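Okay, here's what each chain looks like letter by letter:
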Amino acid sequence: MLTTFLGVVLLYLGVDKFYYVLAGGRKFATFPDLRTQLAVGGSYLLLSIVYLIWLADLLSSSWVHTTWSFRSILLRTSFFWMAAFIAYPLGNDTYLYLHAGLMNLSGANPYLIRAASYVTELSPYVDWGQTSTYGIVSQALFTFSALFVTIHPIVALYVFKFICLALHLFNGYLIWRWLPIPERGRITIAYLLHPLLLMEQVSSAHVDILVSTSLILFAISFAKQKLWFAFAALWGGFLGKTLPIIWAPWIAVTLLRQGHWKWLIAMTAASGAIVAGLWFTVMPGLPAWQSILNPGVAGQYQSSLMAIAKFALDLVRIFTPESLTVIQQRSILLTLANFTLIGFLCFYGWQLWRSDKRWNNTPQMLLEDMGWTTLVLMLFATSWLMPWYCSILITFAALIPQARLFGLTTLAFGLSSSAQYLFGTNSSLKSLISIGIPLLTLIISASILRSKSVPPPEPPSAFKRLTEPDATAELN
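Residues numbered from 1 in each chain as written. Predicted model: local features only at pLDDT ≥ 70, side-chain atom pairs only at ≥ 80, totals over all residues. Heavy atoms only, no water.

So, on to the pattern of salt bridges. Counted according to the given criterion, the structure contains three salt bridges. Between Asp 127 and Lys 27 there is a salt bridge, with its nearest N and O atoms 3.5 Å apart. With Asp 127 in the loop between helix H4 (93-105) and helix H5 (136-146) and Lys 27 in the loop between helix H1 (2-22) and helix H2 (34-60), the pair connects residues that are 100 residues apart, well separated along the chain. A salt bridge links Lys 241 to Asp 208; the shortest N-O distance between them is 2.9 Å. Residue Lys 241 is found in the loop between helix H10 (227-238) and helix H11 (248-257), and its partner Asp 208 is found in helix H9 (residues 208-223); the two are separated by 33 residues along the sequence. (Salt bridge = Lys/Arg side-chain N within 4 Å of Asp/Glu carboxyl O. Helix = DSSP H or I, 4+ residues; strand = E, 2+ residues; numbered from the N terminus.)

This is the structure in structure tokens:
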């Protein structure tokens, strides 16, 4: 019922908004009024809560037949992913993607020309006027989808959504192949039905789905020791969205520990060649590379610790305006943002050092470390945190279901991210919910799991040491 309601309301809201703006109406970013915000945001949050209740029952029961084929899983989950495909994107990012695609088709470089300074038929729907923040893989999908704008912009939008749906189902299939048989049925179903994935990666068609595909392909390739495929998967993810760059140190350390220093040198040289090739073609000069680092959000704070700090300083300025100027406030926030980044780098360095003492040479351990790095970055050192950023963490959790603490924290983060739409422009409350729920879950879960003092389970056969002859028997 909740899924049907969301699908129908989002479809009506999106199509109505398209023609309303086309007729010269005032553009709005997400919701036209408070009633729509409460209806959509409330039902989405309730759906996420129902999902968690259902998931707890799923993981504790034995009703999922372990020998279900992936085709059978697709049939049983089809209503939900079809509803997500039909639902119109919530927000204007998809218009921005198609706008960049139209720029590419016209020969305008979106890394050098601001979106706001180039006029296409989708310009009235574009919120962000900066240069493009997405790599060439994303640009290729934008350009292909933009070919259908000549038929109708909504047709082009659904072409892009179809690509995202296909990638979501493909990701589910890869996870089904990756997991050992006793777990694959439950985890695959849970992944395909996760409300945040269906809302953000399929319904709203955010390019974060490319990062999820990249991560899964990397995991499978690395487990099979197909290192060049793993290298290509990571680069493909980076050229979709820049997040995978933070995983590079883990890959380098892993290759060195396995004695693959020749591979590391070769991959470093290949990376240099890729950068040089892009520098002299589609991404010429430093400004183009700076563009993909999303400079437009510098000094802005959304659903983060920094947003909470900004709210506290705003209160100081309201009640004692003589004690704090706007310039001083900005300086304090910039200093705090730098401290959070330094703190993240210290945590990352500690992780790399600590891994030397507990390294067991399994893909599972590497993925868990990469996942914790990404989670800490988002919770503590990301000033601009959008609801769909959490989607990559859900992919991590599906790949390493044995990492219980990480999984519980990620599920809580997914719930808090889903709650962001309900609170709309209430930045302080939205930030407190978005960050507070996963942090509280992390603290409580760590305490409970530690008190149980249960030794970690032995890795399944798919995660045995890569040096053993049958390391990839399950994957094959």
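Another point: the packing of aromatic side chains. In the structure shown here, the tally under the stated rule is 32 aromatic pairs. Relative to Phe 80, the ring of Phe 79 lies with its centre 5.3 Å away and its plane at 85°, an arrangement referred to as edge-to-face. Accessibility expressed as a relative area gives 32% for Phe 80, which makes it partly exposed. Look at Phe 85 and Phe 162: their rings are 6.3 Å apart centre to centre, the planes differ by 80°, and that puts the pair in the edge-to-face class. Within this pair, whereas Phe 85 is found in helix H3 (residues 70-86), its partner Phe 162 is found in helix H6 (residues 153-178), the two being separated by 77 residues in sequence. When its relative accessible area of 21% is taken as the criterion, Phe 85 is described as partly exposed. (Phe/Tyr/Trp six-rings, centres within 6.5 Å; stacked < 30°, edge-to-face > 60°. Buried < 20%, exposed > 50% of the residue type's maximum accessible area, 1.4 Å probe, protein only.)

To continue, consider a nonpolar patch on the surface. On the surface, Leu 46, Ile 49, Val 50 and Ile 53 cluster together into a nonpolar patch covering about 340 Å² of accessible area. Assignment of secondary structure puts Val 50 in helix H2. The partly exposed category is assigned to Val 50, whose relative accessible area is 40%. (Patch = residues over 30% accessible without salt bridge, like charges linked within 9 Å, V, L, I, M, F, W, Y side chains within 5 Å. Areas by Shrake-Rupley, 256 points an atom, 1.4 Å probe, with all protein chains shown as cover.)

Now for helix H14 (residues 305-319). With 15 residues, H14 extends 22 Å between its outermost C-alpha atoms, agreeing within 8% with the 21 Å of an ideal straight helix rising 1.5 Å per residue. Burial in H14 covers these residues: Met 306, Ala 307, Ala 309, Leu 313 and Asp 314. Down the axis of H14, the sector holding all buried residues measures 155°, keeping them to one side. For H14, the exposed residues set more than 90 degrees away from the buried face come down to Ile 318 and Phe 319. (Expected span 1.5 Å × (residues − 1). Arc of directions from axis to C-beta.)

Per-residue pLDDT for the chain has a mean of 90; in total, 93% of the residues score no lower than 70. pLDDT under 50 marks residues 459-476. Its contacts with residues more than four places away, or in other chains, come to 38 contacts. (pLDDT = per-residue confidence, 0-100. Contact = heavy atoms within 4.5 Å.)

This part is about the nonpolar core. Taken as a class, soluble globular proteins show a tendency for nonpolar side chains to be buried jointly. The biggest cluster of nonpolar side chains holds 80 residues, and the ones touching the most others in it are Trp 247 and Met 370. Here this core takes nine residues from helix H16 (residues 363-380), the largest share from any one element. Once residues lying within four places of it in the same chain are set aside, the contact partners of Trp 247 are Val 211, Leu 215, Leu 234, Tyr 348, Met 370, Thr 374, Ile 392 and Phe 396. Counting residues in each nonpolar core, the second largest holds 17 residues, with Ile 73, Ala 190, Leu 193 and Val 202 among its members. (Core = buried A, V, L, I, M, F, W, Y, C linked by side-chain atoms within 4.5 Å.)

Glancing now at unusual backbone geometry. With a phi angle near 55°, Ala 205 is a residue other than glycine that sits in the positive phi range. Despite not being glycine, Asn 294 has its phi angle at roughly 55°, a positive value. A relative accessible area of 23% means that Asn 294 is categorised as partly exposed.

Moving on, we get to the side chain of Thr 120. Along the polypeptide, Thr 120 turns up in the loop between H4 and H5. With a relative accessible area of 12%, Thr 120 lands in the buried category. A polar contact is formed between the side chain of Thr 120 and the side chain of His 99, at a distance of 2.7 Å. In this structure Thr 120 touches His 99 and Leu 102, once residues within four positions along its chain are discounted. (Polar contact = N/O pair within 3.5 Å; in protein donor to acceptor, adjacent residues only side chain to side chain.)

With that settled, the discussion passes to the side chain of Ser 271. Note on placement: Ser 271 falls in helix H12 (residues 261-279). Separated by 3.0 Å, the side chains of Ser 271 and Trp 235 make a polar contact. Once residues lying within four places of it in the same chain are set aside, the contact partners of Ser 271 are Phe 231 and Trp 235.

Moving on to the packing of H6 against helix H7 (residues 181-193). At a minimum axis distance of 9 Å, the contact between H6 and H7 shows a crossing angle of 160°. Overall, the two elements H6 and H7 adopt an arrangement that is roughly antiparallel. Crossing hand, H6 versus H7: right-handed. Within the contact between the two elements, H6 uses His 168, Leu 169, Asn 171, Gly 172, Ile 175, Trp 176 and Arg 177 and H7 uses Arg 184, Ile 187, Thr 188, Tyr 191 and Leu 192. Tallied by class, the residues present in the contact of H6 with H7 amount to six nonpolar, four polar and two charged. (Axes fitted to C-alpha atoms, helices over the stretch in contact; angles between N-to-C directions. Parallel < 35°, antiparallel > 145°, perpendicular 65-115°, else oblique. Left-handed = near helix turned anticlockwise from the far one by under 90°. Nonpolar A, V, L, I, M, F, W, Y, C, P; charged D, E, K, R; others polar.)

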